[in-house]
Amino acid sequence: MEYHSITHAALDNKLLVGIRDIYETSFPADERRHFDDVVRIAGIKPAFCGDIYTEDRNVVGFILSWRFSFFRYAEHFAVRRDMRGKGYGRTIFADFMKRAGPSVVLEVQRPEDETSRRRIRFYERLGLIYSSAPYLQPPYSPDKHPVPLSLMNSGFDLDKRFDEVRNTLYREVYGVKQVSG
């Protein structure tokens, strides 16, 4: 498997566009941006990164993330549908964590069904800790809705820094100017 890094400084639209189908079929509409916004952000936001994994020149999976002062936020992570259940997800996310450093944050669906509980266990096996603190993902755009999610993290005590992490995500990722409580 080959790794490709896409950053503001090295934007490769061909690779980024190669993840479009996986991105749009892996996440509900309210939990993702319009894809044209992903491409736009990749070109203008230095904190935004794309880690894309290929095999035989075909995209296997990706992680879209943000670099912040003390943590790396994994905004979207997905593996191509026909490659799931074969260990690619574990390999890709473990590699991402090595590259990201000790502190990683991500959003997950709350453990309300077997699929969401299985995803949480997947991340726990990779060393992340689930936080039950109330968290609401702001809408990505005016035509989208907020989504009740939970945060998971590694490398620091999220309960002690929850407001700081949430405020950073709201401000930098979702463009929410004012965050209360």
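Residues numbered from 1 in each chain as written. Predicted model: local features only at pLDDT ≥ 70, side-chain atom pairs only at ≥ 80, totals over all residues. Heavy atoms only, no water.

Could you give me a rundown of the environment of Arg-84, with the residues and numbers involved?
Residue position: Arg-84 is located in the loop between β4 (72–79) and α4 (88–100). In this structure Arg-84 comes out as partly exposed when scored by relative accessible area, which is 37%. Along the primary structure Arg-84 and Ala-42 are separated by 42 residues, whereas in three dimensions their C-alpha atoms are 26 Å apart. Filtering out sequence-adjacent residues up to four positions away, Arg-84 remains in contact with Ser-26 and Val-79. (Helix = DSSP H or I, 4+ residues; strand = E, 2+ residues; numbered from the N terminus. Buried < 20%, exposed > 50% of the residue type's maximum accessible area, 1.4 Å probe, protein only. Contact = heavy atoms within 4.5 Å.)

Report on the pattern of salt bridges, specifying residues and quantitative values.
Tallying each qualifying case throughout the model produces 12 salt bridges. The partner of Arg-117 in a salt bridge is Glu-114, and the shortest N-O contact between them spans 3.7 Å. Highlighted residues: Arg-117 and Glu-114, both in helix α5 (residues 114–125), separated by 3 residues, approximately one helical turn. Here the salt bridges share partners, and the residues they tie into one network are Arg-20, Glu-24 and Asp-36. (Salt bridge = Lys/Arg side-chain N within 4 Å of Asp/Glu carboxyl O.)

Before we move on, could you go through unusual backbone geometry and cite the residues and values that matter?
The backbone of Asp-56 shows a phi angle near 50 degrees, a positive value even though the residue is not glycine. By secondary structure assignment, the location of Asp-56 is in the loop between β2 (48–55) and β3 (58–67). The exposure class of Asp-56 is exposed, given its relative accessible area of 69%. Phi is positive for Arg-57, close to 70 degrees, though the residue is something other than glycine. Turning to its location among the elements, Arg-57 is positioned in the loop between β2 and β3. With relative accessibility at 82%, the residue Arg-57 sits in the exposed group.

Got a sec to walk through the layout of surface pockets? Specific residues and values, please.
In this model, the largest pocket occupies a volume close to 940 Å³. Taken together, 34 residues line the largest pocket, and the ones lying closest to its centre are Phe-77, Ala-78, Arg-119, Phe-122 and Tyr-123. Considering each element in turn, the lining of the largest pocket owes the most residues, 7 residues, to α5. Across the lining of the largest pocket, the residue classes tally to 14 nonpolar, 10 polar and 10 charged. Of the voids in this model, the second largest pocket is the one considered here, and its volume is about 220 Å³. Elements represented by at least two residues in the lining of the second largest pocket include exactly α3 (35–44) and α6 (158–173). Looking at which element gives the most residues to the lining of the second largest pocket, the answer is α3, with 4 residues. Of the residues in the lining of the second largest pocket, the class split is 6 nonpolar, 1 polar and 7 charged. (1 Å grid on protein atoms, 1.4 Å probe; cavity = no way out; pocket = protein on both sides within 12 Å on 5 of 7 lines; lining within 4 Å. Points joined across faces, edges and corners; volume = space filled by probe spheres on them. Nonpolar A, V, L, I, M, F, W, Y, C, P; charged D, E, K, R; others polar.)

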